[in-house]
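A look at the structure
Letter by letter, the chains look like this.
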Amino acid sequence: MFPTYDVIVVGAGHAGCEAALAAANMGSKVLLATMNMQTIAQMSCNPAMGGVAKGQIVREIDALGGYSGIVTDLTMIQFRMLNKSKGPAMWSPRAQSDRRLFARKWRNKLEATENIDFWQEMVTGILVKDGRAAGIQTGMGLEIKSRAVVLTNGTFLNGLIHIGDKQFGGGRAGERASTGITAQLRELGFESGRMKTGTPPRIDGRSLDYSKMEIQDGDEKTGKFSYTDTPKLENGLPCHITFTSKEVHESLKTGFDRSPMFNGRIRGLGPRYCPSIEDKIDRFSDRDRHQLFVEPEGRDTCEIYVNGFSSSLPEEVQYNALKLVAGFENMKMFRPGYAIEYDYFPPTQLRPNLETRLVDNLFFAGQINGTTGYEEAACQGMMGGINAHLKINEEDPFILSRSEAYIGVLIDDLVNKGTDEPYRMFTSRAEYRILLRQDNADLRLTPRGLKLGIAGTEERMPKVEQKKREAEEILNHMRTQSITPDLMNPYLESKGSSPLKQKVKLNTILSRPQIHLNEMQEALPELAKFLEKYDEEHIELAEINLKYEGYIQKEKEMVDKMVRLENIKLGEKIEYNQIVSLSLEAKEKLTKMKPLTLGQASRISGVSPSDISVLMVFMGR
């Protein structure tokens, strides 16, 4: 009935979609197995993509030939560039998406990919032969063989939904949980744990009074995620902001005795940086109010997502409290919020290519690794799909370093440090974030995608080369062209900047913090004429590279030092217990983790700088 596939991907959420696509676009014959074909790429929680650091990840996925950025551009209803008041390392694109259109476009993209087949059924186990993943077993007892398997089960592994006193099995609202895989993996020797996430109520937007809320429009000058020629957003929709109050908090507290978070029924740890409303009230008891974002679910629906009001309290408690929020007095609820517990597997059980240490050719990606968020899941899926293809073709794994991508930071953190709470990406996690900006992901990663042979990256390269060339031309112009005080001083005085006393190069003016290239053009017609032939994105790249030249160079020097450690290979056969001078903790951690390089060893929790020095001596360095 079935051929033997190269790669089987289990689960069709954001991780599964990118995994299937990546492997297929590299030439593998892929089967995407899902319990429900109607919920492929479903946005289970917030109908949005991107955000702080997450937006950088989406652009990195796009630069490598993934589809998350393209689908977001095709389905967004609002776009905002966050943190524009800060430095460019912090700028993060975010888009509000049309939930139903997003899932439909993703499915269309997958169905248009020749190498992808689909199968709708619960997967209950992995076929393992001679220590290798060899396919899957389904609920109907079917065995489908493959050369590699990528698990992207999301919140479905033994998922348990909580609403007040009620609890029932489910992977998300209206869908059953997945069983069997956890038990099998434990039998194979894997450690597992429980995590928790949640979602807010969905509301009838026709019942809200928006005049009592603060309007939040998208950017007037809209951006996008993909470096391809996707259309820019037109006629975006607004979001709104309102707040809880003391009355709302008191109303919610009436249900705390029935809260599964407080009475011990939920054992899994929830996301630290996206707590439920009851958790906020409990942890921040000094706060009189909390901000709520009232976000539309799409253009052709009145359904509203109440961002900031995630809850597992009894439905009547949620309902009564929301009625006290400004603008929600006549609110009608579509469904209450809920919490969900699910199984995950500590990611220290993985190699840096996301392959498990215990079973060859078996890869984990997404929330099964303890992460939270569509973006974190999608990039892991893409890397899992790429590496599954490489592994079965006996090619070297594709591993991004911390200095190459946020994706590299995320996977390095997971594999070397692990996580006991849902992991979320932030710019602060990246020590080289001035190098890992959202504007240069294509320059960093599209050449890597081309080298891997990912379909579509070859067509992208001329644009990448043009962008690099034009940014350099603009930089050279700024460094070589001079300006006299009489032309420049009126503009400088208008900006409160010190006037010139002599002729200087344009780059010295632009390096001042309060000066911007688009404003300089207004004051200098000749500069404006020179720049009019260049793409706006390329001008911005040149300005950032010039303004932050010193910081960029400093980070590159730091990277060079780290690369030297990364180039010292350790392999997996070293007997660390025989190296006398290593600390006991280092011996234990290194034996368990089996780092591939000295750089990876240096990032393992419990391995000290002195342990690294011992290893350098041991390796003859």
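Here is a short report on the structure shown in this document. (Residues numbered from 1 in each chain as written. Predicted model: local features only at pLDDT ≥ 70, side-chain atom pairs only at ≥ 80, totals over all residues. Heavy atoms only, no water.)

Our focus in this paragraph is the nonpolar core. Grouped together as the largest cluster of nonpolar side chains are 101 residues, with contacts concentrated most on Leu-151, Leu-362 and Ile-407. The element contributing the most residues to this core is helix α9 (residues 374-392), with nine residues. Setting aside its immediate chain neighbours within four residues, Ile-407 contacts Glu-60, Ile-61, Leu-64, Cys-379, Met-382, Met-383 and Leu-400. Counting residues in hydrophobic clusters, the runner-up holds 25 residues, among them Ile-474, Leu-492, Leu-500 and Leu-531. (Core = buried A, V, L, I, M, F, W, Y, C linked by side-chain atoms within 4.5 Å. Buried < 20%, exposed > 50% of the residue type's maximum accessible area, 1.4 Å probe, protein only. Helix = DSSP H or I, 4+ residues; strand = E, 2+ residues; numbered from the N terminus. Contact = heavy atoms within 4.5 Å.)

Here four strands make up an open sheet; going across it, the order is β11-β10-β19-β12 and the pairing antiparallel. Both edges of this open sheet fall to β11 (166-169) and β12 (193-199), since each of them pairs with a single strand only. Averaged over all neighbouring strand pairs, the angle between strand axes comes to 25 degrees, with direction disregarded. Relative to strand β19 (residues 338-344), β12 is paired through seven bridges, and the arrangement is antiparallel. (Pairing = 2+ DSSP bridges. Axes fitted to C-alpha atoms, helices over the stretch in contact; angles between N-to-C directions.)

We now examine the sheet that holds strand β3 (residues 48-50). Judged by pairing direction, the sheet is antiparallel, and its three strands sit side by side in the order β3-β5-β4 without closing on themselves. The sheet is open, and its two borders are formed by β3 and β4 (76-82), each paired with just one other strand. With strand direction ignored, the average angle separating the axes of adjacent strands in the sheet is 15 degrees. Along the sheet, helix α3 (residues 68-75) makes contact with β3, β4 and β5 (92-97), crossing β4 at roughly 115 degrees.

It is worth spelling out the pattern of salt bridges at this point. Applying the stated criterion across every chain, the model contains 39 salt bridges. Of the charged contacts in the structure, one is a salt bridge between Glu-540 and Lys-84, with a shortest N-O distance of 3.9 Å. Residue Glu-540 is found in helix α17 (residues 536-547), and its partner Lys-84 is found in the loop between β4 and β5; the two are separated by 456 residues along the sequence. Take Lys-84: its relative accessible area is 43%, and that puts it in the partly exposed class. Salt bridges sharing common partners tie together Arg-402, Asp-412, Asp-413, Lys-417, Glu-431, Glu-566 and Arg-603. (Salt bridge = Lys/Arg side-chain N within 4 Å of Asp/Glu carboxyl O.)

Relative to the helices and strands, Asn-489 is located in helix α13 (residues 485-494). Overall, the relative accessible area of 13% leaves Asn-489 in the buried class. Polar side-chain contacts of Asn-489 include one of 2.6 Å to the backbone nitrogen of Leu-500. With sequence-adjacent residues up to four places away left out, Asn-489 is seen in contact with Pro-499 and Leu-500. (Polar contact = N/O pair within 3.5 Å; in protein donor to acceptor, adjacent residues only side chain to side chain.)

The topology assignment puts Glu-316 in helix α8 (residues 315-322). On the basis of relative accessibility, which here comes to 36%, the residue Glu-316 falls in the partly exposed class. Spatially, the C-alpha atom of Glu-316 lies 31 Å from that of Tyr-344, the residues being 28 residues apart in sequence. A distance of 2.8 Å separates the side chain of Glu-316 from the side chain of Arg-258, its partner in a polar contact.

For the rest of this paragraph, the subject is the pairing of strand β7 (residues 123-129). Note that β7 and strand β8 (residues 132-138) share six bridges and pair antiparallel. In the sheet register, Lys-129 faces β8, and the bridge partner there is Arg-132. Following β7, the chain reverses through two residues before pairing antiparallel with β8; Asp-130 in that reversal takes a positive phi of roughly 55 degrees.

This part takes up helix α4 (residues 99-111). Taking 1.5 Å per residue, 13 residues should reach 18 Å; α4 reaches 19 Å between its end C-alpha atoms and fits that length. Buried residues of α4: Arg-99, Phe-102, Ala-103, Trp-106 and Leu-110, and no others. Along α4, the residues classed as buried sweep out an arc of 95 degrees about the axis, all on the same side. (Expected span 1.5 Å × (residues − 1). Arc of directions from axis to C-beta.)

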